[in-house]
Structures are given as C-alpha cells and as structure tokens.
Amino acid sequence: MQECTNCISVIPNTSTDSCKAIDIYRAKREKGTEYIEINRMQLSLLRQLMRIYKNPKLNMKYQPDVLFSGEHGADMGGPTKEYFHSAIASLSKVDPAFNIQLFGGNSGHMVPLYGVDAISSGCFEMAGKLLAHSILHEGPGLVGLAPAIVKYLTTGSLSDARKHVTIEDLYDLELKQILEEEVKRIIAGSFNMY
C-alpha cells in the first residue's frame with residue numbers, strides 16, 4: 001500500500017500517477033454550495049440518488065451541503081460523509097422499491113450486475129456520477145471491486161483486464177459450480193491421458 005498525500009486516503013496498489021490524477025481532479029472544485037436533501041424514511045435510496053444525479057442543474061464541483069429530512073443540524077462535514085457512505089453502500093444492496101442491485105459478489109470480487117432495467121434507466125451512469133462526486137469531495141470510492149474490473153476501469157483495455165479474471169469473480173453461484181466441475185473434469189481427464 002502506498003500513502004497518498006491528498007488522495008482518497010490509503011489506496012491499495014495505487015501509483016503516484018493515480019494520486020496525482022486525483023489531486024488534479026480535486027483541484028477542479030469550485031466555490032459554492034450544492035444542497036442535497038435525503039429522506040431516510042423513503043423506501044428507496046436509489047430513487048433519490050437517481051433524482052439527484054439526473055438533475056442537469058447539479059453542480060458536483062460545489063461543496064455538498066446535505067440535509068436529512070426531518071433532522072436538524074448544519075452540515076459541517078458529518079452529514080456529507082454519511083451521505084456518501086450510505087449512497088455508495090446502497091449500490092451493492094437490492095433496492096427494495098426497484099428490486100435492482102448494481103454490484104454483487106464477495107469483497108475483492110464485486111462485479112457490476114447486468115440488468116436491463118438498471119442499464120436502460122441509467123443506474124450505472126448515476127453510480128459513476130455518485131462515485132466521482134464522492135471522490136471529488138474526499139469521500140469514499142467503491143471498495144471491493146474485482147481486480148479485472150479495476151484494471152478495465154483504469155486502463156480501458158479488455159485484454160489487460162482479461163488476465164485478472166478468476167472464478168471468484170462470478171456472482172452466479174450455479175454457474176460458478178458448473179465451471180468448477182468442468183475444470184475438475186478437464187484436469188482429471190488430462191491426468192488419465194498419461
């Protein structure tokens with residue numbers, strides 16, 4: 001691990017070039033305040049996030065000022081941190097209203113989950129904006145993605161990402177079991193040849 005001066009905090013396997021890129025990105029912040037209201041009593045956080053990040057008037061470069069509906073207090077940083085943590089955590093949970101989950105799998109092997117509704121409604125675009133917004137304002141990123149996904153997002157190269165795919169990256173347990181059995185059969189067959 002490498003300690004970054006102004007980076008997200010401690011980022012595993014991060015080069016100084018990545019930290020410099022994040023510092024350059026964070027330098028794009030502007031003076032101003034962007035008010036964000038979240039209602040914890042609403043069933044769907046995803047619906048609220050879609051409303052926030054699909055709003056063309058949202059200026060992510062402004063400092064967020066988060067208000068939780070029905071709660072009193074000024075945002076001196078705590079509500080903003082709580083908002084980003086809750087919002088990013090919700091990406092890997094099934095939304096009770098829409099029955100959509102954007103990311104799934106074990107920590108270190110999380111992958112985006114294909115779903116026509118999630119793709120057609122722009123949920124992944126919203127997730128990208130949320131993550132960019134969080135990182136811009138020194139909030140968390142999405143921790144636990146599969147190495148192949150991280151490689152693809154950082155390089156844009158499918159051939160580089162392909163080298164990092166493992167069976168642990170499969171979210172579908174039935175498919176994982178079928179592949180494991182097939183691998184065992186192939187290995188057993190190759191030993192029987194000798």
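Read on for an overview of the structure. Since the model is a prediction, treat every value here as computed from it, not as a measurement.

What counts, and at which threshold
- Residues numbered from 1 in each chain as written.
- Predicted model: local features only at pLDDT ≥ 70, side-chain atom pairs only at ≥ 80, totals over all residues.
- Heavy atoms only, no water.
- Helix = DSSP H or I, 4+ residues; strand = E, 2+ residues; numbered from the N terminus.
- Buried < 20%, exposed > 50% of the residue type's maximum accessible area, 1.4 Å probe, protein only.
- Areas by Shrake-Rupley, 256 points an atom, 1.4 Å probe, with all protein chains shown as cover.
- Expected span 1.5 Å × (residues − 1).
- Arc of directions from axis to C-beta.
- Contact = heavy atoms within 4.5 Å.
- Core = buried A, V, L, I, M, F, W, Y, C linked by side-chain atoms within 4.5 Å.
- Phe/Tyr/Trp six-rings, centres within 6.5 Å; stacked < 30°, edge-to-face > 60°.
- Axes fitted to C-alpha atoms, helices over the stretch in contact; angles between N-to-C directions.
- Parallel < 35°, antiparallel > 145°, perpendicular 65-115°, else oblique.
- Left-handed = near helix turned anticlockwise from the far one by under 90°.
- Nonpolar A, V, L, I, M, F, W, Y, C, P; charged D, E, K, R; others polar.

**Some thoughts on the overall build of the chain**
Part 1 of the reasoning: Scanning the chain for helices and strands turns up eight helices and six strands.
Part 2 of the reasoning: In the chain, which comprises 194 residues, the share counted as buried stands at 32%.
Part 3 of the reasoning: For the chain, the exposed surface amounts to about 12600 Å²; the carbon and sulfur share of it is 57%.

**A look at helix α3 (residues 78–90)**
Note: α-helices contain 3.6 residues per turn, so residues at a spacing of three or four share the same orientation.
Part 1 of the reasoning: If you check α3, its first and last C-alpha atoms are 18 Å apart, about what 13 residues at 1.5 Å a residue would give, namely 18 Å.
Part 2 of the reasoning: When α3 is considered as a whole, its buried residues turn out to be T80, Y83, F84, A87 and I88. Angularly, the buried residues of α3 cover 115 degrees about the axis, an arc narrow enough to put them on a single face.
Part 3 of the reasoning: Along its buried surface, α3 packs onto β3 (33–38), α2 (45–53), β4 (63–68) and α5 (123–136).

**A short note on the nonpolar core**
Part 1 of the reasoning: If you look at the biggest cluster of nonpolar residues, it comprises 27 residues, and the most contacted ones within it are Y53, Y83, L102, F103, M126 and L130.
Part 2 of the reasoning: Elements that contribute at least two residues to this core include exactly β3, α2, β4, α3 and α5.
Part 3 of the reasoning: The residues contacting M126, other than those within four sequence positions of it, are L46, L49, M50, Y53, L91 and L102.

**So, the packing of aromatic side chains**
Part 1 of the reasoning: Considering all chains together, one arrives at two aromatic pairs under this definition.
Part 2 of the reasoning: Between Y83 and F84, the ring centres sit 5.1 Å apart and the planes meet at 50 degrees, which makes this aromatic pair tilted. Each of the two residues, Y83 as well as F84, counts as buried.

**Comments concerning the packing of α2 against α3**
Part 1 of the reasoning: Packing of α2 against α3 leaves a shortest axis separation of 10 Å and a crossing angle of 115 degrees. By the angle class used here, α2 and α3 are roughly perpendicular. In the crossing of α2 with α3, the sense of the turn from one axis to the other is left-handed. Contacts between α2 and α3 involve L45, L49, I52 and Y53 on the former and, on the latter, Y83, F84, S86, A87 and S90.
Part 2 of the reasoning: In terms of residue class, the contact of α2 with α3 is built from seven nonpolar, two polar and no charged.

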